[in-house]
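# What the coordinates show
The chain contents come next:
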Amino acid sequence: MALTQRLEFRQSQSLVMTPQLMQAIKLLQLSNLDLTTFVEEELERNPLLERASDEAPGGEAPAEAGQFSDHDGEDSGSQGGDDGFGGSGDAFEPGQEEWMSKDLGTRAEIEQTLDTGLDNVFSEEPAEGAARNAQDAAPSVYTEWGGGASGDEDYNLEAFVAAEMTLSDHLAEQLSVAFSAPAQRMIGQYLIDLVDEAGYLPPDLGQAAERLGASQKDVEDVLAVLQKFDPPGVCARNLSECLAIQLRELDRYDPAMQALVEHLDLLAKRDIASLRKLCGVDDEDIADMIGEIRRLNPKPGMKFGSARLQTMVPDVYVRPGPDGGWHVELNSDTLPRVLVNQTYYSELSKKIGKDGDKSYFTDALQNATWLVRALDQRARTILKVATEIVRQQDGFFTHGVAHLRPLNLKAVADAIQMHESTVSRVTANKYMATNRGTFELKYFFTASIASADGGEAHSAEAVRHHIKQLIDSEEPSAILSDDTIVERLRASGIDIARRTVAKYREAMRIPSSVQRRRDKQSALGNVLSNALSDRSRNTEPA
């Protein structure tokens, strides 16, 4: 087979992802906070981008009073101070010039007038006196105290907010007082660093002794002191130890309470009979002990804030319209406003002579123009998708969750003539404020569950809401099992399997029928015992 060289022409089509297109796709799925951060970075990087502000035409800010004071001073000086505000200041201090021109006499005359020596009046240590006067003097203006309005750009109100105390800092302060030996402080600080936000330590501390090169006894001794720190129950290795520490603090850790704390699994199952037998107490005592356990804090470290919660800001508002429909609008506060400074580019293009500089500013102009268009296209796409969601889920906004329809990305994409991936990116990390609360856009996309009578399918979220309503309305004497819930749902026209009901129930963190029966019977028993005790107190003779 001979090897030859030849030239061929081929025509083909391919989709090329330019950097601008990739950035536009990225902008679609950014939340409003991430978008603000991205735009801030672009404003710092691109000199042709600027924020859109409500300035006067021409970009000139209105002149302030301080800018006119110089001209006023010149005019008043030329008028000779007819209005009493001349430049000499005589209107304010009429005797100043007379006092300055007065002859005070010789040193002896001055000392005789003051009845003391000048050495006592004028200190020989001017630096020390000036420092003392500066320390005792009050600030001349209010802003020197750090309060009030300030014209400084670095002025920040957050600088006056007290720093939030974390659990680690709170424990470290107590550690410096509890131990004086450096080795114990090192072990204690290492254990504090292992404490999670709930206030718990890992169950196994054997590796801590190995890493620190200390004995297990030393670690246990330090741990015993740490468990006495505030808040009570901190530095425990499990829930039982956490509750035991708090009970010791309250002087309530007797043998009966110890047996209860060591068998919390039976308490979780509501097996009161077994607990009563293990603790060796009667029904009234076991009820009081369970009440004391409930009043304890299972997560003592949660009272210290570890992370600041971010407020959820909606991207879209949905309001009832005057015609009975729904009015959809974007939240303008979440939309960054940027403009391309064409005037600045025109001035620079006349003065720049180097080819490299011209190329840089040309690219900056293209990037700035693309960003403005991409932000506008993003806003239009979000509004279009949100409007279609409101149209598809009109029953939800009018009647509630029970009327939520099954909806998928393809239905919305076909209605607005876009691709499913575009709709998926738009609905990610976007929120809608409605008359029924604030929801993520993905909340309105739910799976469909077939109807028992062959009618319209039901939304999975609506079925979950129906299941929760059935369980909330059940009587303590007639707890609904999963099979009973299936029968009632089918009677309502919802064709659903028992395992699906169990899955939805567990997703909503609703216990099983057996556990719910124990909980409600226990609650009912507590109510009856309290009623009987109150009745017995009222019937006692005075």
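About the thresholds
Residue indices begin from 1 for each chain and proceed along its sequence in written order. Local features in a predicted model are, by the rule used here, given only for residues with pLDDT of at least 70; side-chain atom pairs are given and counted only at 80 or more, and totals for whole chains, interfaces and linings are based on all residues. Hydrogens are left out, water is left out, and the side-chain values use all remaining heavy atoms of the structure. A helix here means a DSSP run of H or I that spans at least four residues, while a strand means a run of E at least two residues long, and both kinds are numbered starting from the N terminus. Between buried and exposed lies partly exposed: a residue is buried under 20% and exposed over 50% of the maximum accessible area for its type, with that area taken using a 1.4 Å probe on protein chains only. Working rule for contacts: check all heavy atoms of both residues, and any pair within 4.5 Å makes them a contact. Here the open area of atoms and residues is found with the Shrake-Rupley method and a 1.4 Å probe, where only the protein chains shown may cover a residue. We treat two strands as partners when DSSP finds at least two bridges between them. Axis lines are fitted through C-alpha atoms, for helices just across the contact stretch, and the angle between N-to-C directions can take any value from 0 to 180 degrees. The cut-offs work like this: below 35 degrees is roughly parallel, past 145 is roughly antiparallel, 65 to 115 is roughly perpendicular, and the gaps in between are oblique. Asp, Glu, Lys and Arg are counted as charged, while Ala, Val, Leu, Ile, Met, Phe, Trp, Tyr, Cys and Pro are counted as nonpolar; the rest, among them Gly, fall into the polar class. Put simply, a salt bridge is a Lys or Arg side-chain nitrogen that is within 4 Å of an Asp or Glu carboxyl oxygen. The nonpolar core is taken to be a set of buried Ala, Val, Leu, Ile, Met, Phe, Trp, Tyr and Cys residues, with the residues joined through side-chain atoms within 4.5 Å. Think of it this way: a Phe, Tyr or Trp ring, Trp meaning its six-membered ring, pairs with another when their centres are within 6.5 Å, and the plane angle makes it stacked under 30 degrees, edge-to-face over 60, tilted otherwise. Nonpolar side chains (Val, Leu, Ile, Met, Phe, Trp, Tyr) are joined into patches within 5 Å and like charges within 9 Å, using only residues with over 30% relative accessible area and no salt bridge. Only four residue types enter the charge count: Lys and Arg as positive, Asp and Glu as negative, with His and the chain ends excluded. One atom stands in for each charge, and that atom is NZ of Lys, CZ of Arg, CG of Asp or CD of Glu. Confidence scores per residue from the predictor, reported as pLDDT, run from 0 to 100.

### Re the overall build of the protein
Looking only at helices and strands, one finds 25 helices and eight strands in the protein. Looking at the protein as a whole, 29% of its 542 residues qualify as buried. The long-range share in the protein, meaning contacts at least 24 apart out of those at least 6 apart in sequence, stands at 60%. For the protein, the accessible surface area stands at approximately 36,700 Å², while carbon and sulfur atoms represent 50% of it.

### Re the sheet that holds strand β6 (residues 437-440)
Taken together, four strands build an open sheet; the order of strands is β3-β2-β5-β6 and the sheet is mixed. Sheet topology places β3 (326-330) and β6 at the edges, where each strand pairs with a single neighbour. When strand polarity is set aside, the average angle formed by the axes of neighbouring strands in this sheet is 20°. Where strand β5 (residues 431-434) and β6 come together, four bridges link them in antiparallel fashion. Each residue of the ladder has a partner; that of Met 432, found in β6, is Phe 439. Contacts from helix α18 (residues 355-392) reach β2 (316-320), β3 and β5 within the one sheet, and its direction differs from that of β3 by about 160°.

### Examining the packing of helix α23 (residues 482-491) against helix α24 (residues 498-507)
The geometry of α23 relative to α24 is characterised by a closest axis approach of 9 Å and an angle of 105° between their N-to-C directions. With respect to their mutual orientation, α23 and α24 come out roughly perpendicular. The segment α23 lies against α24, with Asp 482, Asp 483, Ile 485, Val 486 and Leu 489 engaging Arg 498, Val 501, Ala 502 and Arg 505. Grouping the amino acids of the contact of α23 with α24 by side-chain chemistry returns five nonpolar, no polar and four charged.

### Looking at the side chain of Glu 241
Examined against the element boundaries, Glu 241 turns out to sit in helix α12 (residues 239-249). Classification of Glu 241 as buried rests on a relative accessible area of 17%. Excluding its chain neighbours within four sequence positions, the residues that come into contact with Glu 241 are Gln 227 and Ala 236.

### Some thoughts on the packing of helix α22 (residues 460-472) against α24
Axes are the key here: two packed helices are described by the angle between their axes and the distance separating the axes. Direction vectors running N to C along α22 and α24 enclose 80°, while the axes themselves pass 10 Å from each other. Relative to α24, the element α22 is oriented roughly perpendicular. Two secondary-structure elements touch here, α22 through Ala 460, Val 463, Arg 464, Ile 467 and Ile 471 and α24 through Val 501, Tyr 504 and Arg 505. Tallied by class, residues from the contact of α22 with α24 come to six nonpolar, no polar and two charged.

### Observations regarding the pattern of salt bridges
For the structure on display, the rule yields 21 salt bridges. For Lys 410, the salt bridge identified is with Asp 414, shortest N-O distance 2.9 Å. Placement of both Lys 410 and Asp 414 in helix α20 (residues 409-416) is noted, with a separation of four residues, approximately one turn of the helix. A salt bridge links Asp 482 to Arg 498; the nearest nitrogen and oxygen atoms lie 3.9 Å apart. Here Asp 482 is found in helix α23, whereas its partner Arg 498 is found in helix α24, with 16 residues between them in sequence.

### Here we look at the environment of Tyr 317
Considering the arrangement of structural elements, one finds Tyr 317 in strand β2. As a C-alpha pair, Tyr 317 and Thr 438 span 121 residues in sequence and 9.2 Å in three-dimensional space. Once residues within four sequence positions are removed from consideration, Tyr 317 is found in contact with His 327, Val 328, Glu 329, Asn 331 and Ala 433.

### Topic: the nonpolar core
Grouped together as the largest cluster of nonpolar side chains are 23 residues, with contacts concentrated most on Val 385, Phe 397, Val 412, Val 423, Met 432 and Phe 444. Breaking this core down by element, the ones donating at least two residues are β2, α18, α19 (394-399), α20 and α21 (420-427). Among the elements that make up this core, the one with the highest residue count is α18 (five residues). Residues in contact with Val 412, not counting those within four places in the same chain, are Val 385, Glu 388, Leu 407, Val 423 and Phe 445. Among the nonpolar cores identified, the runner-up in size contains 21 residues, and Ile 187, Val 195, Leu 201 and Cys 235 belong to it.

### Focus: the packing of aromatic side chains
This model, assessed by the stated rule, comprises 10 aromatic pairs. Note on Phe 439 and Tyr 443: the rings are 4.7 Å apart at their centroids and 20° apart in plane angle, and the pair reads as stacked. Cluster of aromatic residues (ring-pair linked, three or more members): Trp 326, Phe 396, Phe 397, Phe 439, Tyr 443 and Phe 444.

### Points about the environment of Asp 495
When you line up the elements, Asp 495 lands in the loop between α23 and α24. Residues Asp 495 and Ser 451 lie 44 residues apart in sequence; the distance between their C-alpha atoms is 5.3 Å. When sequence neighbours within four positions are dropped, the list of residues in contact with Asp 495 reads Ile 449, Ala 450, Ser 451, Ala 452 and Arg 490.

### What to know about unusual backbone geometry
Excluding glycine, a negative phi dihedral is what most residues carry, and trans is how most peptide bonds are arranged. Here the amide bond leading from Asp 230 into Pro 231 is cis, since omega sits at 0°, within 30 degrees of zero. Notably, Asp 251 is not glycine yet its phi reads approximately 60°, a positive angle. With respect to the helices and strands, Asp 251 occurs in the loop between α12 and α13 (255-261). Phi is positive for Asn 429, which is not a glycine, with a value near 60°. Residue classification places Asn 429 among the partly exposed positions, given a relative accessible area of 38%.

### With respect to a nonpolar patch on the surface
On the surface, a cluster of nonpolar side chains totalling about 410 Å² of accessible area is made up of Leu 15, Met 17, Leu 21 and Met 22. With respect to the helices and strands, the residue Met 17 is situated in the segment before α1 (19-28).

### A look at the pairing of β5
Bridge count for β2 against β5 is two bridges, and the pairing is parallel. What sits directly across from Tyr 317, in β5, is Ala 433.

### Brief notes about a negative patch on the surface
Judged by side-chain charge, Asp 282, Glu 284, Asp 285 and Asp 288 come together as a negatively charged surface patch. Along the chain, Asp 282 falls in the loop between α15 (272-279) and α16 (283-294).

### A short note on the side chain of Thr 334
Note on placement: Thr 334 falls in the loop between β3 and β4 (338-340). Those residues in contact with Thr 334, other than ones at most four positions away along the chain, are Asn 32, Leu 35, Val 313, Pro 314 and Asp 315.

### Describing the confidence of the model for the protein
Looking at the protein, pLDDT values average 78 and 75% of them are 70 or higher. The lowest-confidence element of the protein is helix α3 (residues 65-78), averaging 38 in pLDDT; the highest-confidence one is β2, averaging 93. Overall, residues 54-94 carries pLDDT values under 50, and its contacts beyond four positions in sequence, including any with other chains, amount to seven contacts. Scored below 50 in pLDDT, residues 138-151 makes 10 contacts in the model with residues more than four places away or belonging to other chains.

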